[in-house]
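So you can see what is in the structure, the chains are spelled out below.
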Amino acid sequence: MRNFPLSTVVLLLISGVLLPLFFTDTAKAIPAFARKYDMSCTSCHTKPPRLNAFGEAFHMAGYQIPQTKEGELRKKRQIGRIHSEKEFLNIFAMRTTGNILESYSGGKPPESNIAFPREIELYFAGSFTDDISYFFNLSNESKTISGLENGKFEEKAEFGLGKEFFIMFNLAPAKKDMPHKKMGRPMMMGPMIMLGKIDPSTNFSYSTNRQFIIDNPGRVDSSGTIQRYTLTPYAFSAKFFGLSTGDGMAIEVTKSVLYNTPGDFGIDTHTMIGPFMIQAGIMQGISAGTSDVNEKKDPYLMTRMNFGGTNYFSGSVSGLVYWGNDTAKVGTELIDWLRYGFAGNVKYKLLDIYGAIIWDKISGLAASDAAQFDDTAMGLTLEADLLLTDQHLVSLRYDHMEAGGFNIQKANGRVLTLQVRKYLRDNFALFLRDSVNVGSVSDNPLQNFRNLVAAGIDFDF
Amino acid sequence: MHLNKMQMKKWGLFVFVTLLFITAQVGSQEMDHSKMNMDDTSTSEAAPDMKTEDNAMSVMRGKMIYDMSCFLCHGKNGEGDGPASRFIGPYSHPRPNRFTSGVFKFRSTESGELPMLTDLMRTIREGIPGYMPSFRNLGEDGIKDVALYITEAFIQEELPTTTTIKYAKHVGPYTYSAESAWRGGLLYKIMKCNECHGDDGKAGRMDLKDDRQIMVHPIDLTRQETFGNGTSHEDIYRTIMTGLDGTPMPGYADSFVGEEESAWDLVHFILSLQGR
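(A) Quick peek at the overall build of chain A. For chain A, the helix and strand inventory stands at four helices and 25 strands. Looking at chain A as a whole, 60% of its 461 residues are labelled buried. If you take every contact in chain A between residues at least 6 apart in sequence, the share linking residues at least 24 apart comes to 62%. Just so you have it, chain A exposes about 17500 Å², and 63% of that area is on carbon and sulfur atoms.

Dropping the structure here:
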């Protein structure tokens, strides 16, 4: 904290004092599903975007209340003034989040920025019929890091169909077709099929897209050399230095990939049977789009078990195996990438603890690279969130990466982050965050800071 | 591992079909298991007169619905301690109902009594705005099944099938009119509703607690979308007569004995506050 510039402190204070004044009087807004079902956000979320046990069940059931069939949109109850709302609002949601201020110290160069929240996402989600639901996400992310050829990167705004867009089919036979006395149905949900640009990890005990501690933007210099990697949950990240995608674009070491991608093309199926879930699917590969260069697909399998249900307690454990089939490149050689790991989650009253440990192993390296390339890597992310009061959420996260990749490039990362969110409304939060590099500080883009302070907003409508 | 395209396709299909098959198998085993459980704990002993085959089946189906959905909020044992329950009312009323306590908010029976089966079914069908989704898509059969399950497994007493509360007719001078609403306005003050709900129906007392010692705010009477017990004329009449047990909102059936029609005046006053 020693190098913390005065200007940033002043801005922090100003934003802390002024912003609440602007927003405390806006009308209470509730996002799409909450509007549709007449529920408060906290019926499904600890606080958005993190799901509580009911939210997880709703999500697994294909955006439906477990045990009921959709139709709510069409047969929606008309209660009071709410029915005058446009039905459009029942399928539409928006999220704006990002740092407004950020300040790095301890690395080179120290840096402070004031920014407009980097990420704006629009969601459209609902169901066409009882058995077919959809999810579309349109997003604008300013200054994200994307890979170029020859290990170079650029910072650019990304706009378009965002992280995810998919259609979900529920293959379970409709209840009305079942003989009324047949008992087989209720304990089972699905199979559900998701098709499109998907985040398979939405069903994992620790899902990629639901972060209270949002990713902290990285930095690229004018020559296309990366100076600081985006700070993400390390367990999910690529972890290998010197990788590129099938079509030769550099992959950021901290980019969430494979099973833990925030969204890539693939087909996913999941089925719940009592407390168990089996998920299997096939992905195109990292950023492969709709036309994978090598035409090989990456299969994966995940199993999950839920437990708890009394005493304000619940939890789950999941295990994962993913086979990246010729999915990335080292130099000019396509490599295979095995990823496996576990995730767990326990929730007790207002405390939510979750984590994932993921191992990666690369095979099929060119003989010339094999000697200088560490083909194994490991990442661990552990987080605890506590809803301290109605308005305050405290989060603590630890990220650990034992990186792989080219020996001369690679470095390990260890980061501890503490964040406090203040909710002015259920769906509007200010946050203040401090990430400390508890490992070594160096010029390596993974280690190029000692301390990072950021403040920003998270607004869901 | 360098399969060609055709091999890959076959292999993928194989994995997929196998998985579906395994899933289906495990599914049917799981079912047998839960069936066994039901036989073990033959809950129907609690209410001997319900011991018919049909009822047992109904309760069994109800348990399945409950264990997939309701328990997330109400808890596996009906204690209101489901994993999601704390997030619904972290620091204020309401939280998912503790069925085992025998205290029910939404009844058509006298304050202090158990609800009727139809009351439970109404709550499940309509849901509770803000806090519990509507389960009308379970269908009337499913709704009844799960209500029976709650009764047998958690309430463990026979529910009343009639109520002593008189549901007066909505006729003559007691149909909706400006005069009726005006009389209701007087009653509102005479009966001291304003002490909790405020003169304008909006402002509420801030120092109230429910029977779990959680803070509870009197509902803003001008905003019908926050009413948990329904918003139709009949619903509001019922709320006033029965009260909401477990909360400070008293039942007023005793105050209206012999002149139940006047309660409609109060209903109309509340409707007029909402511009209806």
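(B) Focus on the nonpolar core. Ranked by internal contacts, the top residues of the largest apolar core, which has 92 residues, are F54, L243, I335, W337, I362 and F373 of chain A together with Y66 of chain B. Ranked by the residues each element gives to this core, the list is headed by helix 5 (residues 139-155) of chain B, at nine residues. Sequence-distant contacts of Y66 of chain B, defined by excluding residues within four places in its chain, comprise F71, H74, G75, K76, G78, F99, V146, Y149, I150 and F154 of chain B. By size, the runner-up hydrophobic cluster in this structure holds 22 residues, among which are A168, L187, Y237 and A253 of chain B.

(C) Local environment of helix 5 of chain B. Between its terminal C-alpha atoms helix 5 of chain B stretches 23 Å, which fits the 24 Å expected from 17 residues at 1.5 Å a residue. The positive-phi residue at the C-terminal boundary of helix 5 of chain B is Q156 of chain B, with phi of around 55 degrees.

(D) Layout of a nonpolar patch on the surface. Residues and elements named next belong to chain A. Taken together, the side chains of F313, V346, Y348 and I353 make up a nonpolar region of the molecular surface, amounting to roughly 300 Å² of accessible area. With respect to the secondary-structure elements, I353 resides in strand 18 (residues 351-363). Judged by relative accessible area, which is 34%, I353 ranks as partly exposed.

(E) The packing of aromatic side chains, seen in detail. Considering all chains together, one arrives at 26 aromatic pairs over all chains under this definition. Measuring from ring centre to ring centre gives 5.6 Å for Y340 of chain A and W359 of chain A, while their planes differ by 25 degrees; the resulting arrangement is stacked. Taken together, the residues span a long stretch of sequence, with Y340 of chain A in strand 17 (residues 333-348) and W359 of chain A in strand 18 at a distance of 19 residues. According to the relative accessible area criterion, W359 of chain A is partly exposed, its value standing at 29%. Aromatic pair Y66 of chain B and Y149 of chain B: ring centres 5.5 Å apart, planes at 55 degrees, arrangement tilted. One end of the pair, Y66 of chain B, is in helix 2 (residues 53-74); the other, Y149 of chain B, is in helix 5, with 83 residues separating them in the sequence.

(F) View of the packing of helix 2 of chain B against helix 5 of chain B. Residues and elements named next belong to chain B. Contact pair helix 2 / helix 5: the axes reach a minimum separation of 7 Å and the direction vectors enclose 90 degrees. One element, helix 2, and the other, helix 5, form an angle in the roughly perpendicular class. In this structure, helix 2 contributes N55, S58, V59, R61, G62, K63, I65, Y66 and C70 to the contact, and helix 5 contributes G142, D145, V146, L148, Y149, I150, E152 and F154. Grouping the constituent residues of the contact of helix 2 with helix 5 by class yields nine nonpolar, four polar and four charged.

(G) Looking closely at the sheet that holds strand 22 (residues 404-406) of chain A. Residue and element names in this part refer to chain A. Read from one edge of the open sheet, three strands run 11-22-19, paired in mixed fashion. Both edges of this open sheet fall to strand 11 (240-241) and strand 19 (373-374), since each of them pairs with a single strand only. In terms of strand pairing, strand 11 meets strand 22 through two bridges, oriented parallel. What sits directly across from F240, in strand 22, is G404.

(H) Broad picture of the pairing of strand 18 of chain A. Residues and elements named next belong to chain A. The pairing of strand 17 with strand 18 spans 13 bridges and is classified as antiparallel. Paired with Y348 across the bridge in strand 18 is L351. Adjacent in sequence and paired antiparallel, strand 17 and strand 18 are bridged by two residues, among which K349 carries a positive phi angle near 45 degrees. When strand 18 meets strand 20 (residues 376-389), the two strands line up antiparallel, connected through 11 bridges. Bridge pairing links K361 to T376 in strand 20.

(I) View of the environment of H93 of chain B. Residue and element names in this part refer to chain B. Looking at where H93 falls in the secondary structure, it is placed in the loop between helix 3 (85-88) and helix 4 (117-126). Along the chain, H93 and Q213 lie 120 residues apart, while their C-alpha atoms are 9.1 Å from each other. Apart from residues lying up to four places away in sequence, H93 is in contact with K105, D210, I214, M215, V216 and T247. Looking at H93, its side chain comes within polar contact range of the side chain of K105, at 2.8 Å.

Calculation criteria
- Residues numbered from 1 in each chain as written.
- Chains lettered and ligands numbered in written order.
- Predicted model: local features only at pLDDT ≥ 70, side-chain atom pairs only at ≥ 80, totals over all residues.
- Heavy atoms only, no water.
- Helix = DSSP H or I, 4+ residues; strand = E, 2+ residues; numbered from the N terminus.
- Buried < 20%, exposed > 50% of the residue type's maximum accessible area, 1.4 Å probe, protein only.
- Contact = heavy atoms within 4.5 Å.
- Areas by Shrake-Rupley, 256 points an atom, 1.4 Å probe, with all protein chains shown as cover.
- Core = buried A, V, L, I, M, F, W, Y, C linked by side-chain atoms within 4.5 Å.
- Expected span 1.5 Å × (residues − 1).
- Patch = residues over 30% accessible without salt bridge, like charges linked within 9 Å, V, L, I, M, F, W, Y side chains within 5 Å.
- Salt bridge = Lys/Arg side-chain N within 4 Å of Asp/Glu carboxyl O.
- Phe/Tyr/Trp six-rings, centres within 6.5 Å; stacked < 30°, edge-to-face > 60°.
- Axes fitted to C-alpha atoms, helices over the stretch in contact; angles between N-to-C directions.
- Parallel < 35°, antiparallel > 145°, perpendicular 65-115°, else oblique.
- Nonpolar A, V, L, I, M, F, W, Y, C, P; charged D, E, K, R; others polar.
- Pairing = 2+ DSSP bridges.
- Polar contact = N/O pair within 3.5 Å; in protein donor to acceptor, adjacent residues only side chain to side chain.

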